[in-house]
Every structure is written in structure tokens, then in C-alpha cells.
Amino acid sequence: MELFLLVLAGFIIGTCGTLIGAGGGFILVPLLLLFYPDLPPETVTAISMAVVAANAISGSAAYAKSGKIDYKAGVIFALFTVPGSILGVFTVQYIPKESFNIIFGVLLLALSVFLFFKKQSEKRQVQEDDSQQKGLKHRKLVDKMGTVYQYSYNQRNGIIISIIVGYMSPLLGIGGGIIHVPAMVNWLHFPVYIATATSHFILAVMSTVTVIVHAMNGTYNNPEVLKMVVCLAAGVIPGAQLGAYFSHRVKGTNIIKVLAICLALVGIRILLKN
């Protein structure tokens, strides 16, 4: 029964996480903290990042078929998440469990409030000279359905955000998409659908690096931990495909609102338990 529930949880996490481009770590970490309270923070984050990696790789493959991944931005941002993700792995083992829960809960609530009450701006008009401005990149993508996306973003700001996301992801085990997606939409002016797909691609690179570092540290040597990872991943992989399939059928503003509500519920639950 436990194995079945882990697979089912993985499927739900994969579907929801890929739908909003967040990897699903923000769902899995609270579940692990609630149902496996004896697990140390470094083990919780290691399990979560392994599942996030499986989710992100599966979801990225589906998003690649849809043509919604901005590879030029994704590769640059992914590269700058790597140093922070390695540092985050080594930092988490020094954080007391109580502090870990408080940090995680407060972060989720803060993000929730920001996303829910932030008025989604109208589509930003792309100026003809945008591509000539220092640090500003102009992109035009056409997905497989023929939808045209035009937008400009500040690459320097994107790099700074990516470094922060890279550090926070393994530290809290949330994957980073939960921070990257709203940042890309609200501060870098990416269309929601492009942000979710590109975030998933970035997450696939970053989480894989994090998992490798955890594996080198021997975190996955415990048979029970490995069993949990395998069962969760077995559900996450097909769930990610389903989430990507439904992603373009849900309004972008609704994706952001759902993300905000989920964050608030999870954050409150963690803080109350702590």
C-alpha cells in the first residue's frame, strides 16, 4: 500500500508540477515533512530533487515537442544555476530541521501573496529597438500550433535570478521552478506558457547536477531512500507527460492563481505543524 501511494503521489506531483512549470518539489517536500518526520532535511531535499529531476526531464521532452522552450535563454540561465545548486547541497546539512521548516513555510506564503495579488500586466509591447538595448534580448518563437510569441527580457537580471534559484532549490528541495516561473513572467516579461516550458528545461539541467552531487555524497545509499525515489519517479514520469499535455489548454492567469493557492495551503500547513 505504501508503494502504491508513493507512485500515486508521484503521478499527481508530476501532473501538477509540469502544468505550472514548478517541478513539483513544493508539493513533495511538505508531504515528506508531514509523513516522514524523522527524515533529516538533507535526505528530504535529496529525495525531492531526484523526483524533480525525473519530472523535469520527462516534462521537458513533452514541452520540446510543443515548441515552447526558449533554448537560448534556457541554456544561459541553466548554466548559472549550477554553481548555486552545488553550494546549496552542501549548505542544507547545516540547517536545523525546525529552521528548515520555518524558512520553507514563510517562503511559500510570501510567494503565494505576491502571485495572487499581483495584477497580471497586459501583453508587453515589443519595441523595434529592444534588441539593440544593452542586456536586453528580443525573442520570437512559433510553437507547433502556430502561435507566435514575441517578448524581450533583460539577460543580466535573468542570470542573477538564476544564481539565486540555483542556490535555493537544493537548499529547500523545491526544484526552483516555483521561483523561476513567476520571476520570468513578472520581472523578465516572458509569456506564461514559454516561462513554464523554459523553466522546466532549466530545472532538468539544474536538478540533474544536484542529484549527481547528492549521489557522490552517498545520500542515496540507503535502500529505503532509494525505494522511495524509484516509486515516486515511476508516477512522476507519466504524470509530467499529462501535465505538459494540459498546459496549453489552461489560461496562463489561471496557472498563476492555482500556483499561488497551492503555495499558501502548503506553507500554512508546514508552519502550523512546526
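Under an unreviewed UniProt entry, the name given to the chain is Probable membrane transporter protein, and the source organism is Flavobacterium lindanitolerans. A UniProt comment under Sequence similarities (unreviewed entry) is attached to the chain, and it reads "Belongs to the 4-toluene sulfonate uptake permease (TSUP) (TC 2.A.102) family."

**Q** Describe in detail the overall build of the chain, supporting the description with residues and values.
**A** Broken down by element type, the chain carries ten helices and two strands. Starting at the N terminus and ending at the C terminus, the chain contains elements arranged as α-α-α-α-α-β-β-α-α-α-α-α. Looking at the 274 residues of the chain, the share that counts as buried comes to 54%. Put simply, 81% of the contacts in the chain that link residues at least 6 apart link residues at least 24 apart. Approximately 12400 Å² of the chain is accessible, and the part contributed by carbon and sulfur atoms is 67%.

**Q** Tell me about the nonpolar core, and please be specific about residues and values.
**A** Counting residues in each nonpolar core, the largest one holds 68 residues, and the members touching the most others are Ile47, Phe77, Ile178, Phe190 and Leu263. Apart from the residues lying within four places of it in its own chain, the contact partners of Phe190 are Asp70, Ala73, Phe77, Tyr151, Tyr153, Met184, Val185 and Ala195. In this structure, Tyr63, Ile69, Ala197 and Ala244 belong to the second largest nonpolar core, which totals six residues.

**Q** Report on the packing of helix 1 (residues 2-19) against helix 3 (residues 41-66), specifying residues and quantitative values.
**A** Where helix 1 contacts helix 3, the two axes come as close as 10 Å, and the packing angle between them is 55°. Classified by the angle between their axes, helix 1 and helix 3 sit oblique to one another. In this structure, helix 1 crosses over helix 3, and the sense of that crossing is right-handed. Side by side, helix 1 and helix 3 meet where Ile13, Gly14, Gly17, Thr18 and Leu19 of the first sit next to Asn55, Gly59 and Tyr63 of the second. Considered class by class, the residues forming the contact of helix 1 with helix 3 number three nonpolar, five polar and no charged.

**Q** Go over the pattern of salt bridges, please, and point to the residues and values.
**A** By the definition in use, this model includes three salt bridges. Taking the shortest distance from any N to any O, the salt bridge between Asp70 and Arg139 comes out at 3.1 Å. Of this pair, Asp70 sits in the loop between helix 3 and helix 4 (71-92) while Arg139 is found in strand 1 (residues 136-142), placing the two residues 69 residues apart along the sequence. Take Asp70: its relative accessible area is 0%, and that puts it in the buried class. Among the residues examined, Arg139 registers a relative accessible area of 13% and is labelled buried. Across the salt bridge formed by Lys227 and Glu224, the nearest N and O atoms sit 3.1 Å from each other. Here the residue Lys227 and the residue Glu224 both occupy positions in helix 9 (residues 223-247), the gap between them amounting to three residues, near one helical turn. Glu224 gets classed as partly exposed once you look at its relative accessible area, which sits at 47%.

**Q** Please give an account of helix 3 that cites residues and values.
**A** Helix length check: helix 3, at 26 residues, gives a terminal C-alpha distance of 36 Å against a target of 38 Å (1.5 Å per residue), a fit within 8%. Positive phi appears at Gly67, one or two residues downstream of helix 3, with a value of about 80°.

**Q** Can you explain the UniProt feature "transmembrane region" (unreviewed entry) in the chain? Please cite residues and give values.
**A** Feature annotation in UniProt places "transmembrane region" (unreviewed entry) on residues 7-37, 43-63, 75-94, 100-117, 159-180, 192-213, 225-246 and 252-272, given in this structure's numbering. Taken end to end, residues 43-63 comprises 100% helix and 0% strand; its first and last C-alpha atoms sit 30 Å apart. A helix fraction of 100% and a strand fraction of 0% characterise residues 100-117, whose end C-alpha atoms lie 26 Å from each other.

**Q** Report on the packing of aromatic side chains, specifying residues and quantitative values.
**A** Scanning the entire structure with this criterion turns up six aromatic pairs. Seen from their ring centres, Tyr245 and Phe246 are 5.2 Å apart, and the 80° between their planes marks the pair as edge-to-face. When its relative accessible area of 45% is taken as the criterion, Tyr245 is described as partly exposed. One aromatic cluster in this structure is built from Phe77, Tyr151, Tyr153 and Phe190.

About the cut-offs
- Residues numbered from 1 in each chain as written.
- Predicted model: local features only at pLDDT ≥ 70, side-chain atom pairs only at ≥ 80, totals over all residues.
- Heavy atoms only, no water.
- UniProt positions renumbered as here; feature names shortened; annotations may be inferred.
- Helix = DSSP H or I, 4+ residues; strand = E, 2+ residues; numbered from the N terminus.
- Buried < 20%, exposed > 50% of the residue type's maximum accessible area, 1.4 Å probe, protein only.
- Contact = heavy atoms within 4.5 Å.
- Areas by Shrake-Rupley, 256 points an atom, 1.4 Å probe, with all protein chains shown as cover.
- Core = buried A, V, L, I, M, F, W, Y, C linked by side-chain atoms within 4.5 Å.
- Axes fitted to C-alpha atoms, helices over the stretch in contact; angles between N-to-C directions.
- Parallel < 35°, antiparallel > 145°, perpendicular 65-115°, else oblique.
- Left-handed = near helix turned anticlockwise from the far one by under 90°.
- Nonpolar A, V, L, I, M, F, W, Y, C, P; charged D, E, K, R; others polar.
- Salt bridge = Lys/Arg side-chain N within 4 Å of Asp/Glu carboxyl O.
- Expected span 1.5 Å × (residues − 1).
- Phe/Tyr/Trp six-rings, centres within 6.5 Å; stacked < 30°, edge-to-face > 60°.

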